[in-house]
Amino acid sequence: MTTENTVLYKNIVILTGAGISAESGIRTFRDQDGLWEEHRIEDVATPDAFRRDPALVQRFYNLRRAQLRDPSVQPNAAHMALAELEKHWEGQFLLVTQNVDNLHRRAGSKNLLHMHGKLDQVFCLNCDEHFTWVDDWDLEAPCPSCGKVGSVRPDIVWFGEMPYFSDEIYAALEKADFFVSIGTSGNVYPAAGFVQLAWKAHKIEVNLKDTEISRAFSEHFIGPASVEVPRLVQAFLEVNKE
């Protein structure tokens, strides 16, 4: 990382995508041809899909939730490094993730926003209560709060829905001195536009290869997140000591 004048930089916004969790064994949402385990995204990840076939949607997310319970799925070195950076950074720190898994939280990240929701959480369409839920959800189970049956859905931002925490994220990007994008595809909006909104930031991309928005970044760390993120974090922490 370029260190010239970076001692004046204090506010960091980090965006993470599927690439940071893929090394932990989390399957990415988009597979070839828009299919994942023979389901179209339109059939399992839209409000219309839930209205049309709630049993299919619940079964799909039960399988995804079960993946988080697999003992082999653990935070990797990239998740751990970001938690360490947050712990020691002198200044404002915000980690925004497009991922719905819980690996950042399990690694120790605190100042964290899940813009696409949480896989280990559900909410009720009837009373709008949100609940932590790590097991399978039975379609016939009543809402723990209001008791209505059939109204509880995964707390996931589906296609056609607005991401969570937009105001907080945009405000942080406006003030960011550093913007770091890790393991994102660069073609899913609004996250792909964050690099432009961080207008005054020094911009760093970490990915296995160039993306559609790579030219908007000043620096690039090309390689696995588990290797490149700890290297980048070490550079940040060295700057922080100066």
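Below or above, wherever it landed, is the structure these notes cover.

Parameters and conventions
Residues numbered from 1 in each chain as written. Predicted model: local features only at pLDDT ≥ 70, side-chain atom pairs only at ≥ 80, totals over all residues. Heavy atoms only, no water. Pairing = 2+ DSSP bridges. Helix = DSSP H or I, 4+ residues; strand = E, 2+ residues; numbered from the N terminus. Axes fitted to C-alpha atoms, helices over the stretch in contact; angles between N-to-C directions. Contact = heavy atoms within 4.5 Å. Salt bridge = Lys/Arg side-chain N within 4 Å of Asp/Glu carboxyl O. Buried < 20%, exposed > 50% of the residue type's maximum accessible area, 1.4 Å probe, protein only. Phe/Tyr/Trp six-rings, centres within 6.5 Å; stacked < 30°, edge-to-face > 60°. Lys NZ or Arg CZ within 6 Å of the ring centre and 35° of its normal.

## Here we look at the sheet that holds strand S7 (residues 130-132)
Thinking step 1. The strand order across the open sheet formed by three strands is S7-S6-S8, and the pairing between neighbours is antiparallel. With one partner strand each, in any of the chains shown, S7 and strand S8 (152-156) form the two edges of the open sheet. The sheet shows a mean angle of 40 degrees between the axes of neighbouring strands, direction not considered.
Thinking step 2. In the packing of helix H4 (residues 54-69) onto the sheet, the strands contacted are strand S6 (117-124) and S8, and the crossing angle to S8 comes to about 50 degrees.

## Looking at the pattern of salt bridges
Thinking step 1. Under the definition given, this model contains eight salt bridges.
Thinking step 2. Across the salt bridge formed by Asp48 and Arg51, the nearest N and O atoms sit 2.2 Å from each other. Separated by three residues within a single helix, Asp48 and Arg51 lie in helix H3 (residues 47-52), roughly one turn from each other.
Thinking step 3. Glu161 is paired through a salt bridge with Arg153; the nearest N and O atoms lie 2.8 Å apart.
Thinking step 4. Classification of Arg153 by relative accessible area gives buried; the value is 4%.
Thinking step 5. The network of salt bridges with common partners includes Arg40, Asp43 and Arg52.

## Quick word on the packing of aromatic side chains
Thinking step 1. Within this structure, the stated rule accounts for nine aromatic pairs.
Thinking step 2. Ring geometry for Phe60 and Tyr61: centres 5.1 Å apart, planes at 80 degrees, overall edge-to-face. Each member of the pair Phe60 and Tyr61 is classed as buried.
Thinking step 3. When the centroid spacing of 6.1 Å and the interplanar angle of 75 degrees are considered together, the rings of Tyr164 and Phe165 count as edge-to-face.
Thinking step 4. A relative accessible area of 35% places Phe165 in the partly exposed class.
Thinking step 5. Sitting over the face of the ring of Phe60, Arg64 holds its NZ or CZ atom 4.9 Å from the ring centroid.
Thinking step 6. Over the ring of Trp158 we find Arg153, and its NZ or CZ is 3.7 Å from the ring centre.

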